[in-house]
Amino acid sequence: QKEVEQDPGPLSVPEGAIVSLNCTYSNSAFQYFMWYRQYSRKGPELLMYTYSSGNKEDGRFTAQVDKSSKYISLFIRDSQPSDSATYLCAMSGGFQKLVFGTGTRLLVSP
Amino acid sequence: DGGITQSPKYLFRKEGQNVTLSCEQNLNHDAMYWYRQDPGQGLRLIYYSQIVNDFQKGDIAEGYSVSREKKESFPLTVTSAQKNPTAFYLCASSAPTGSVLYGYTFGSGTRLTVV
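So, here's what we can say about the structure.

Reading the values: rules and limits
Residues numbered from 1 in each chain as written. Chains lettered and ligands numbered in written order. Predicted model: local features only at pLDDT ≥ 70, side-chain atom pairs only at ≥ 80, totals over all residues. Heavy atoms only, no water. Helix = DSSP H or I, 4+ residues; strand = E, 2+ residues; numbered from the N terminus. Buried < 20%, exposed > 50% of the residue type's maximum accessible area, 1.4 Å probe, protein only. Lys, Arg positive; Asp, Glu negative; His and termini not counted. Salt bridge = Lys/Arg side-chain N within 4 Å of Asp/Glu carboxyl O. Polar contact = N/O pair within 3.5 Å; in protein donor to acceptor, adjacent residues only side chain to side chain. Contact = heavy atoms within 4.5 Å. 1 Å grid on protein atoms, 1.4 Å probe; cavity = no way out; pocket = protein on both sides within 12 Å on 5 of 7 lines; lining within 4 Å. Points joined across faces, edges and corners; volume = space filled by probe spheres on them. Buried area = accessible area lost by both parts, 1.4 Å probe. Phe/Tyr/Trp six-rings, centres within 6.5 Å; stacked < 30°, edge-to-face > 60°.

1. Looking at the side chain of R13 of chain B
Residues and elements named next belong to chain B.
In step 1: Within the fold, R13 resides in strand β2 (residues 10-13).
In step 2: Among buried charged residues, R13 stands out as having no salt bridge; its nearest opposite-charge side chain is E15, 6.1 Å away.
In step 3: Within the local environment of R13, its side chain forms a polar contact with the backbone oxygen of Q17, the two atoms lying 3.0 Å apart.
In step 4: When sequence neighbours within four positions are dropped, the list of residues in contact with R13 reads V19, V78, T79, S80, Q82, P85, L112, T113, V114 and V115.

Structure below.
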């Protein structure tokens, strides 16, 4: 079993939809949780960063962490075609390497 | 602007040849990483370095080599021993040393194709 599980998709939604992307993990020591967005043939860019449990909002994006369930989510409101990309979750206990999910490919159609 | 520069963007290699991928950062980051990305497999760690003149193998180091002679530079050599080198290679860095408090910064990648 992988330390971090993420559905590869693709997830196809119409423009304006609310998107929910998720990861589960097995290591209870993880405290730092991140979401990266990767456009085709580009490097990942940090989108959201959350420490421990709770929610964090930034514009149309909300990151949610439920440590009791070992489950993290990224919500995208009013999705746009420009949101079409692969979204990777990543996490760590702190002074260790990041552990990445395999990424979920999101397609937002106009 | 601070960032990570990977070159070249596209690289073609003949079977049996070694090739070197360049990674340079001006972020003053201590730690640097090399990942390989294949469709459906996510990011796989090849090598990482937390300080100059020191580096460690990642999960898939066989057939690869690295050096870290300068803080800013972490080149990756794909040797002829790497049986399936065609992939997208990503370099990343983080600061402070070994900490993920601020996440990783990635380069734009090098796509290597064996012809």
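The discussion continues.
2. Remarks on the pattern of salt bridges
In step 1: If you walk through the whole model with that rule in mind, you get six salt bridges over all chains.
In step 2: A salt bridge links E45 of chain A to R37 of chain A; the shortest N-O distance between them is 3.1 Å.
In step 3: Judged by its relative accessible area of 34%, E45 of chain A falls in the partly exposed class.
In step 4: On the basis of relative accessible area, R37 of chain A is assigned to the buried category, the value being 15%.
In step 5: Note that D38 of chain B and R36 of chain B form a salt bridge whose closest N and O atoms lie 2.7 Å from each other.

3. Observations concerning empty space enclosed by the protein
In step 1: For the structure shown, the criterion picks out one cavity of 30 Å³ or more.
In step 2: As for the largest cavity, its lining consists of R41 of chain A together with K9, Y10, F88, G109 and R111 of chain B.

4. Considerations on the interface of chain B and chain A
In step 1: Opposite the 25 residues of chain B that make contact, chain A presents 20 residues.
In step 2: Carbon and sulfur atoms make up 61% of the surface buried where chain B meets chain A, a total of about 1700 Å² over both sides.
In step 3: Viewed at the interface, chain A and chain B are joined by zero salt bridges.
In step 4: Taken together, the elements giving at least two residues each to the side of chain B that touches chain A come down to β4 (31-38), β5 (42-51) and β9 (87-94) of chain B.

5. Re the packing of aromatic side chains
In step 1: Per the stated rule, a full pass over the model turns up 15 aromatic pairs over all chains.
In step 2: Ring centres of Y33 of chain B and Y104 of chain B lie 4.2 Å apart, and the angle between their planes is 20°; this geometry places the pair in the stacked category. Placement of Y33 of chain B in strand β4 and of Y104 of chain B in the loop between β9 and β10 (105-106) is noted, with a sequence separation of 71 residues between them.
In step 3: Since its relative accessible area comes to 1%, Y33 of chain B is described here as buried.
In step 4: A relative accessible area of 3% places Y104 of chain B in the buried class.
In step 5: Taken together, a centroid distance of 5.9 Å and an interplanar angle of 65° make the contact between Y64 of chain B and Y89 of chain B edge-to-face. Here Y64 of chain B, found in strand β7 (residues 64-66), pairs with Y89 of chain B, found in strand β9; they are 25 residues apart in sequence, far enough to count as distant. The pair formed by Y64 of chain B and Y89 of chain B is uniform in burial state, with each residue classed as buried.
In step 6: Aromatic ring contacts, followed pair by pair, group Y36 and F100 of chain A together with Y33, Y35, Y48, Y104 and F106 of chain B into a single cluster.

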